[in-house]
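# Coordinates in review
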Amino acid sequence: VQLQASGGGLVQAGGSLRLSCAASGPIFNAYAMGWFRQAPGKEREFVAVSGWSGGSTYYPDSVKGRFTISRDNARYTVYLQMNTLKPEDTAVYYCAAIRKFSGSRYFSSSEVDYWGQGTLVTVSS
């Protein structure tokens, strides 16, 4: 599975961005899809996950209520809508494909089967 992320950029605090991640083909529908982020000097952090149908999602408290993950299985694309952005959201955001989806929960980086190339989000104060 090849993943191509896009949509990052510079935004002021309180603003919004939508990230997209396009997969290489219909095998996309066999994977749960997630987003992670990595700020400079920090470990990669789980941000969101969506099950195969898009009905099962999970977010950590740090983004819950501000970020929304969605997927379009016909377009092999997953999205991350980010609202009310904060400077601490600044990071490189990576989309991820997860083969073994066991429900709406936190996922670690070690559970990811495929990574996208990352897209930089910078939130200015």
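Scope of this entry: the structure provided in the associated data block. Everything numeric in this text was worked out from a predicted model, so none of it was measured.

### A closer look at the layout of surface pockets
The calculated volume of the largest pocket comes to roughly 150 Å³. Arg-37, Ala-39, Lys-42, Glu-45 and Glu-88 are the residues nearest the centre of the largest pocket, which is lined by 13 residues in total. Residue composition of the lining of the largest pocket, by class: two nonpolar, three polar and eight charged.

### Some points on the packing of aromatic side chains
Enumeration over the complete set of coordinates arrives at 10 aromatic pairs. When the centroid spacing of 6.3 Å and the interplanar angle of 25° are considered together, the rings of Phe-46 and Tyr-58 count as stacked. Of this pair, Phe-46 sits in strand β5 (residues 45–50) while Tyr-58 sits in strand β6 (residues 57–58), placing them 12 residues apart in sequence. Of the residues examined, Phe-46 reaches a relative accessible area of 2% and is grouped as buried. Here Arg-99 stacks its cationic end above the ring of Tyr-31, 5.7 Å away from the centre of that ring. Positioned above the aromatic ring of Phe-107, the side-chain terminus of Arg-105 is 4.0 Å from the ring centre.

### Notes on the sheet that holds strand β7 (residues 67–72)
Sheet strands pair by backbone hydrogen bonding; their relative direction is either parallel or antiparallel. Taking strand neighbours across the sheet as the criterion, the four strands line up as β1-β3-β8-β7 in an open arrangement whose pairing is antiparallel. Both edges of this open sheet fall to β1 (3–6) and β7, since each of them pairs with a single strand only. Sheet twist, expressed as the mean angle between neighbouring strand axes with direction ignored, is 15°. Here β7 runs beside strand β8 (residues 77–82); their pairing, made up of six bridges, is antiparallel.

### What to know about unusual backbone geometry
One can expect most non-glycine residues to show negative phi and most peptide bonds to be in trans. Phi at Tyr-76 is positive, roughly 55°, even though this residue is not glycine. As for its position among the elements, Tyr-76 is in the loop between β7 and β8. Phi is positive for Thr-84, which is not a glycine, with a value near 50°. Mapping Thr-84 onto the fold places it in the loop between β8 and β9 (91–98).

### Some details on the pattern of salt bridges
Inspection of the entire model under this criterion finds six salt bridges. Two residues, Lys-64 and Asp-61, come together in a salt bridge whose shortest N-O distance is 3.4 Å. According to the relative accessible area criterion, Lys-64 is partly exposed, its value standing at 48%. Linking Arg-105 and Glu-111 is a salt bridge whose minimum nitrogen-to-oxygen distance equals 2.6 Å.

So, how was this worked out
Residues numbered from 1 in each chain as written. Predicted model: local features only at pLDDT ≥ 70, side-chain atom pairs only at ≥ 80, totals over all residues. Heavy atoms only, no water. 1 Å grid on protein atoms, 1.4 Å probe; cavity = no way out; pocket = protein on both sides within 12 Å on 5 of 7 lines; lining within 4 Å. Points joined across faces, edges and corners; volume = space filled by probe spheres on them. Nonpolar A, V, L, I, M, F, W, Y, C, P; charged D, E, K, R; others polar. Phe/Tyr/Trp six-rings, centres within 6.5 Å; stacked < 30°, edge-to-face > 60°. Helix = DSSP H or I, 4+ residues; strand = E, 2+ residues; numbered from the N terminus. Buried < 20%, exposed > 50% of the residue type's maximum accessible area, 1.4 Å probe, protein only. Lys NZ or Arg CZ within 6 Å of the ring centre and 35° of its normal. Pairing = 2+ DSSP bridges. Axes fitted to C-alpha atoms, helices over the stretch in contact; angles between N-to-C directions. Salt bridge = Lys/Arg side-chain N within 4 Å of Asp/Glu carboxyl O.

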